[in-house]
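Each chain, letter by letter, is given below.
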Amino acid sequence: MKDSLRQQFERLALRLNELDATLAEGTLASDMKRYRELTREHAEVSGLVERFRRFEQRERDLAAAQEMLLDPEMAEMAQEEIASAQADTACLHFELQTALLPRDPDDARNAFIEIRAGTGGDESALFAGDLARMYLRHCERRGWRTELMSESTSDLGGYKEVVFRVEGDDVYARLKFESGGHRVQRVPTTETQGRVHSSACTVAVLPEADEADEVTLNPAELRIDTFRASGAGGQHVNKTDSAIRITHLPTGIVAECQDDRSQHRNKAKAMAVLTARLRDKNRNERAAKEAATRKGLIGTGDRSDRIRTYNFPQGRFTDHRINLTLYKLDAIMNGDLDDVAAGLQAAQAAEQLALLEGRA
C-alpha cells in the first residue's frame, strides 16, 4: 500500500477519535440533524478504520509467515499462511482503495423511479408492471419505504407509465444503475401460437432534491392543470378534479399526480417529481459539458436500445454493460437484485480506479 493511502487512513483514525469524543459529550440532543450526520459519519469512518487495522494485521501475519519459512519444520504451515495472508491483503487493499474513491454526492439521496412502456404494445405495458413489482419487492427486502406518485394503466394490465418514490438509506447509490432500456423476451399472454416476442421498457432513476438544494421554479413558467383522476382509486377520487398536472413551459417537462384525494397533496407530489426531473436535466447537461460519460442513459425504448435482457424461456438475466449473466430470473423478478447491484458497483469502482491510476 502506498504511503499516501496509509496516511489517509491514519487521518481517518484521528477523525474517528474526534467523533467518539463529540458523540460522547451528549450536547447534540438539541440538534438532531447534526446528530444524525455525525452518527452516519461515525459508522462510515469506524468501518473503514476497522478494515484498515485488519489489513495491517494481515500484513504482520504475512511477514511472520515469511520468517517461518527459514524453519524447515514450519515451512509447510508457513506456505499455507502466506497464501492466505496474501489473498486477504489483496482483497482488503482493493476494498480500502475503492472506499476512498469520490462518492456521487447524490448517492445518499432518496429517489424517484419512472417506468415507461416502450416498443411492444400491450406486452410492453405488462412488462412495465412486472418491473414495477420487481423494484417494489426489492425495496421491501431492503426495508425502504415506497410511495406511488402517478400511474397510467393499460387496458390489459400493467402500466403505460408509473412513477414512485423510494425513501431509505443510500437508495440512489443502489438504484441509479437501473436507468436505461430493459428488454424482455417471452411468450406474451396474447400470443396464441407460442412464439417468443421481444418488447422493451425504459427505466429512469432520479435523485430527490433536498429542500435547500431544489431547483428554483418561477411560477410564471409553470402551467398547472387540474383534471379528474382516472383508473382505480375509490369512488371519491373519480368525482373530483383532484389530479394535478404541472408543465414547465421553458423545457416542456411535465409531471402529474393523481394518487391522493387531496388536490393540495397531489400538487406537492407533482412539484417534487418535476423538481427531480429538472435537477436531473441540469445534472446531465453539466456532465455533457464536462465530457463525462454518464452510465445508464435512459434511451428511446426501442428493442435494440437496452442495458438489460430478461429471457423468460431460458430463465436468463443479462446486464450488457458488464456482461453479467445470471440464470435465476425468477428470483430477480421477485426483487433479488443484490448480485446485480454488487456487480455494477464493483465495475464502476474498477473504472474509477483505472482512471486514477492512469492519472498517477
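For the structure itself, consult the block above.
This section reports on the structure supplied with the text. (Residues numbered from 1 in each chain as written. Predicted model: local features only at pLDDT ≥ 70, side-chain atom pairs only at ≥ 80, totals over all residues. Heavy atoms only, no water.)

1. A few points about helix 1 (residues 3-25)
In this model helix 1 runs 34 Å from its N-terminal to its C-terminal C-alpha over 23 residues, within 8% of the 33 Å that 1.5 Å per residue would give. For helix 1, the full list of buried residues reads Leu 5, Phe 9, Leu 12, Ala 13, Leu 16 and Leu 19. Elements in contact with the buried residues of helix 1: helix 2 (32-68) and helix 3 (75-99). (Helix = DSSP H or I, 4+ residues; strand = E, 2+ residues; numbered from the N terminus. Expected span 1.5 Å × (residues − 1). Buried < 20%, exposed > 50% of the residue type's maximum accessible area, 1.4 Å probe, protein only. Contact = heavy atoms within 4.5 Å.)

2. Details of the pattern of salt bridges
Following the criterion strictly, the structure yields 36 salt bridges and no others. Here Arg 34 ties to Glu 37 by a salt bridge, and the two come within 3.8 Å at their closest N and O atoms. Residue Arg 34 and its partner Glu 37 are both found in helix 2; the two are separated by three residues, about one turn of the helix. A relative accessible area of 41% means that Glu 37 is categorised as partly exposed. For Arg 51, the salt bridge identified is with Glu 95, shortest N-O distance 3.7 Å. Placement of Arg 51 in helix 2 and of Glu 95 in helix 3 is noted, with a sequence separation of 44 residues between them. Under the relative-accessibility criterion, Arg 51 is labelled partly exposed at 30%. (Salt bridge = Lys/Arg side-chain N within 4 Å of Asp/Glu carboxyl O.)

3. Describing the sheet that holds strand 6 (residues 222-227)
Taken together, the three strands give an open sheet; going across it, the order is 6-7-8, and neighbouring strands pair in antiparallel fashion. In this open sheet, the two strands that pair with only one neighbour each are strand 6 and strand 8 (253-257). Pairwise comparison of adjacent strand axes, ignoring direction, gives a mean angle of 15° for this sheet. Judged from the six bridges that link them, strand 6 and strand 7 (residues 243-248) form a sheet pairing that is antiparallel. Paired with Thr 226 across the two strands is Ile 244, which belongs to strand 7. (Pairing = 2+ DSSP bridges. Axes fitted to C-alpha atoms, helices over the stretch in contact; angles between N-to-C directions.)

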